[in-house]
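# Descriptive analysis of the structure
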Amino acid sequence: MSERWTGERLRVGGLAGAALLALTLALLAVLAVGSGGSGVRWQQPGAGATPLAVLGDSDSHSYGDSLSFPRDSDLRGGRYRASSLQWTEAVSRLRPGHLDLGPWGVWGVPVPIGRAAQWLGLSLRQPRKEDYLHNFAYAGAGCDDLTRGGGRQTQHLLDLLASDRERWSRGVVVVRIGINDLGTREALDAFASDPVGSRSHAVVEACLRHIEEAVGLVRSRHPQVRLVLVGIFNNAHWARFSDRWQDPVAQERIARALDRFDHGLQAMTLRFGPAVFFDERSWFAARWGGRDGAGAPAYRAVALGPGLRVANTSGDEPSNAVLADGHAGTAWNAMWAASLIDLLNGTWQLRIPAVPPDEIVRLVRAVTSGEPRGAGQNP
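Bear in mind the structure is a predicted one, so any value in this text is a computation, not a measurement.

Okay, the overall build of the protein next. When helices and strands are counted, the protein shows 12 helices and 12 strands. Across the 379 residues in the protein, those meeting the buried criterion constitute 55%. For the protein, the proportion of contacts with a sequence separation of at least 24, taken over those separated by at least 6, is 75%. Accessible surface, the protein as shown: approximately 15400 Å² in total, 54% of it carbon and sulfur.

This is the structure:
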């Protein structure tokens with residue numbers, strides 16, 4: 001449920017331009033460490049809090065980023081923009097004393113500056129965004145952005161892990177990426193029309209290679225950090241695509257292609273442990289169901305509590321699983337965060353208090369009581 005985004009190129013000519021650029025980059029390199037921001041979405045974690053880092057795309061990019069998602073836009077919640085939460089923000093709200101995503105602030109440099117820095121042999125975190133320090137995910141990222149191109153999320157993660165090796169030896173890194181490679185309408189159309197799976201095999205394997213490279217880099221330098229590899233969501237269940245692929249054969253072909261991806265991640269957890277697989281498709285099916293035998297939508301609503309049912313529909317009100325801009329809503333993200341905590345506890349006995357349904361209900365209802373967009377509320 002995300003979209004690819006690219007920046008513009010920066011052209012610099014002549015020695016004078018290069019000298020000016022070098023000076024600018026030197027200053028920006030200092031700024032790249034970030035600024036503290038408002039800190040409203042972050043509380044000082046306890047001494048024993050588990051550090052948590054994220055690699056990924058817009059399915060993990062925090063909604064409170066006012067640089068990427070301007071407050072006067074309809075992105076990430078519309079009139080509920082000020083209080084709509086990504087799963088990272090839900091984790092920070094629900095269990096701030098147990099999971100530490102780092103301080104909230106502005107980190108990195110604009111994409112054009114980052115690309116120019118690479119031309120000079122420098123590596124600066126990009127894009128510039130307002131988020132948690134440990135969250136390297138950004139909207140539009142593809143699998144190749146984990147280690148290549150401008151993003152190079154993994155390399156910047158390695159710098160973070162190296163800054164406190166002892167603490168990160170008990171940390172967790174969530175890798176949740178692939179939807180921009182395997183979940184677009186074009187990709188799903190290709191899967192649905194590929195009877196032998198040859199084309200789907202190629203694109204899936206390419207994505208897995210990038211993830212394996214990233215995971216291998218992390219594991220080679222930090223053998224104890226825990227890894228959570230998140231499976232691919234089937235975007236055929238995305239509310240925006242509900243009228244497409246209403247054919248059981250097409251659905252089976254799509255599922256077969258996505259199975260390749262998930263099986264590849266599961267194999268990586270065995271090779272690069274300590275690691276665990278988060279089954280995204282099974283998680284969704286256990287809550288909203290799926291399509292019927294003919295491939296038509298047959299979803300059920302999730303009853304979170306009295307008066308709060310969440311349907312697999314689009315809209316900024318909390319009763320919709322997906323926001324109007326196509327990204328997961330607060331209810332979805334809060335449930336996802338709760339399941340992540342359960343997975344961490346079940347796999348590594350982290351003893352993070354489980355998140356009961358009534359706590360999720362309170363968090364979701366807080367969205368409707370939040371100030372409307374533009375009222376001056378901090379992230």
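Now that the structure is up, let's keep going.
What follows concerns the sheet that holds strand β5 (residues 172–176). Pairing is parallel in the open sheet, where 5 strands are placed in the order β2-β1-β5-β6-β7. The open sheet has two free edges, formed respectively by β2 (99–100) and β7 (275–278), since each of these has just one partner strand. In terms of strand pairing, strand β1 (residues 50–56) meets β5 through 5 bridges, oriented parallel. Looking across to β5, one finds that Leu55 is bridged to Val175. Set on the sheet, helix α4 (residues 153–163) makes contact with β1 and β5; between it and β1 the angle comes to about 165 degrees. Strands β2, β5, β6 (226–230) and β7 of the sheet are contacted by helix α11 (residues 330–348), whose axis makes an angle of about 145 degrees with β7.

Taken in spatial order, the 3 strands of this open sheet run β10-β11-β12, and their pairing is mixed. Looking along the sheet, the strands with just one partner apiece sit at the ends: β10 (302–305) and β12 (320–322). Strand-to-strand, the axes of this sheet are offset by a mean angle of 40 degrees, without reference to chain direction. Taken together, the 3 bridges between β10 and strand β11 (residues 308–314) define a ladder with antiparallel strand orientation. Directly across from Ala303, in β11, lies its bridge partner Arg309. Seen against the sheet, helix α10 (residues 280–288) touches β10, β11 and β12 and runs at an angle of roughly 125 degrees to β11. Lying over the sheet, α11 contacts β10, β11 and β12, oriented at roughly 80 degrees with respect to β10.

Attention shifts here to the side chain of Arg95. Position of Arg95 relative to the elements: it lies in the loop between α2 (87–94) and β2. Polar contacts involving the side chain of Arg95 include one to the main-chain carbonyl oxygen of Pro353, which spans 2.8 Å. When residues no more than four places from it in sequence are discounted, the contact partners of Arg95 are Ile341, Ile352, Pro353, Ala354, Val355, Pro356 and Glu359.

According to the stated counting rule, one finds 11 salt bridges in the structure shown. One salt bridge in this structure joins Lys129 and Asp131, with 2.9 Å as the shortest N-O distance. This pair shows no difference in class: Lys129 is buried, exactly as Asp131 is. For Arg244, the salt bridge is made with Asp189, and the minimal N-O distance between the two is 3.3 Å. Here Arg244, found in the loop between β6 and α9 (248–271), pairs with Asp189, found in helix α7 (residues 185–192); they are 55 residues apart in sequence, far enough to count as distant. Taken together, the shared-partner salt bridges in this structure form one network comprising Asp259, Asp262 and Arg281.

The full count for this structure, using the stated rule, is 1 disulfide. The disulfide partner of Cys143 is Cys207, and the S-S distance across this bridge is 1.8 Å. One end of the pair, Cys143, is in the loop between β4 (129–132) and α4; the other, Cys207, is in helix α8 (residues 198–221), with 64 residues separating them in the sequence. With respect to burial, Cys143 and Cys207 carry one shared label: buried.

Of all 8 residues that make up α2, 7 are buried, and the element is covered over most of its length. Among the residues making up α2, those that are buried are Trp87, Thr88, Glu89, Ala90, Val91, Ser92 and Leu94.

Moving on to unusual backbone geometry. In most cases, non-glycine residues show a negative phi, while peptide bonds are predominantly trans. Looking along the chain, the bond that leaves Gly273 and enters Pro274 is cis, with omega of 5 degrees. Looking at where Pro274 falls in the secondary structure, it is placed in the loop between α9 and β7. A positive phi is found at Arg351, a non-glycine position, where the angle reads about 60 degrees. Position of Arg351 among the secondary structure elements: in the loop between α11 and α12 (357–369). The class for Arg351 is exposed, based on a relative accessible area of 76%.

Reading the values: rules and limits
Residues numbered from 1 in each chain as written. Predicted model: local features only at pLDDT ≥ 70, side-chain atom pairs only at ≥ 80, totals over all residues. Heavy atoms only, no water. Helix = DSSP H or I, 4+ residues; strand = E, 2+ residues; numbered from the N terminus. Buried < 20%, exposed > 50% of the residue type's maximum accessible area, 1.4 Å probe, protein only. Contact = heavy atoms within 4.5 Å. Areas by Shrake-Rupley, 256 points an atom, 1.4 Å probe, with all protein chains shown as cover. Pairing = 2+ DSSP bridges. Axes fitted to C-alpha atoms, helices over the stretch in contact; angles between N-to-C directions. Polar contact = N/O pair within 3.5 Å; in protein donor to acceptor, adjacent residues only side chain to side chain. Salt bridge = Lys/Arg side-chain N within 4 Å of Asp/Glu carboxyl O. Disulfide = S-S within 2.5 Å.

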